[in-house]
Amino acid sequence: MSDNVMSDSRFGRIFGIMLAAMAVLTVVLIIIANIIGSTLKDEMASLKDQAKKNELIARIEPIGKIAFGEPAETAQPEAAPAPEAQAEAVSGEATYNSACAMCHGQGIAGAPKFADAGAWNDRIAKGTDTLYTNAIQGFKGAAGYMPAKGGNAGLSDDQVKAAVDYIVDNIK
Ligand code: HEC
């Protein structure tokens with residue numbers, strides 16, 4: 001028990017040592033902080049050099065790029081007509097196969113099945129224009145939900161109409 005009780009003088013000594021230790025630690029930390037600070041400064045300086053270098057490279061670069069740019073630009077107009085021709089050539093069958101068959105092919109989720117007259121005759125009786133509109137804008141009927149353009153917003157109205165025509169033409 002008496003070991004746990006400190007005399008005032010002993011406490012004073014330990015407290016003094018602790019204060020001194022803290023003072024030393026403070027000085028050491030300041031020195032370390034200074035060292036880190038100066039290395040950081042050096043690094044920042046070299047970073048700035050790097051940035052200047054990059055800037056210089058960027059300023060020189062376009063001269064080289066113009067030389068390469070011209071052949072690419074002349075090549076572009078040649079390549080452009082291809083997708084256009086493709087879009088025009090898109091058939092109802094191709095659109096149907098890529099955007100509609102997943103549901104209508106097997107009659108998934110209530111979709112009227114391809115070439116199934118029983119599933120389509122009542123719909124066709126509504127008129128082709130109604131079918132176009134419902135296929136383009138989407139349609140919620142008793143059988144299920146037909147998403148607008150079959151869920152493929154990238155299709156043009158004409159492509160969807162062609163796909164409807166393809167479906168209707170194949171009813172037996
Ligand atoms: C996610 C499944 C799904 C896809 C994909 C889909 N359909 Fe449908 N479609 C349906 C369903 C379900 C119905 C039936 C809705 C009803 O009558 O309740 C339907 C109905 C229709 C109808 C009849 C609408 C009417 O007025 O009775 C047409 C026409 C049609 N789809 C065309 C298309 C075309 C064209 C595509 C492709 C561009 C397509 N569908 C893609 C599910 C789909």
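Overview of the structure. Not measured: the values here are computed from a predicted model. (Residues numbered from 1 in each chain as written. Predicted model: local features only at pLDDT ≥ 70, side-chain atom pairs only at ≥ 80, totals over all residues. Heavy atoms only, no water.)

The next subject is the site of the ligand. Close contacts around the ligand come from 29 residues, with C100, C103, H104, N134 and M146 the closest. Mapped by element, the contributors of at least two residues to the shell around the ligand are helix 3 (92–104), helix 4 (117–124), helix 5 (128–137), strand 2 (145–146) and helix 6 (157–169). With five residues, helix 3 is the single largest residue contributor to the shell around the ligand. Grouping the constituent residues of the shell around the ligand by class yields 20 nonpolar, six polar and three charged. (Near = heavy atom within 4 Å. Helix = DSSP H or I, 4+ residues; strand = E, 2+ residues; numbered from the N terminus. Nonpolar A, V, L, I, M, F, W, Y, C, P; charged D, E, K, R; others polar.)

Right, let's talk about the nonpolar core for a bit. The biggest cluster of nonpolar side chains holds 16 residues, and the ones touching the most others in it are Y96, C100, V160 and V164. It is helix 6 that contributes the most residues to this core, five residues altogether. Those residues in contact with V164 that sit more than four places away from it in its chain are L131, Y132 and A135. (Core = buried A, V, L, I, M, F, W, Y, C linked by side-chain atoms within 4.5 Å. Buried < 20%, exposed > 50% of the residue type's maximum accessible area, 1.4 Å probe, protein only. Contact = heavy atoms within 4.5 Å.)

Counted according to the given criterion, the structure contains one salt bridge. Put simply, D157 and K149 hold a salt bridge, and the shortest N to O gap is 3.1 Å. According to the relative accessible area criterion, K149 is buried, its value standing at 17%. (Salt bridge = Lys/Arg side-chain N within 4 Å of Asp/Glu carboxyl O.)

The topology assignment puts K149 in the loop between strand 2 and helix 6. When sequence neighbours within four positions are dropped, the list of residues in contact with K149 reads A135, I136, L155, S156, D157 and V160.

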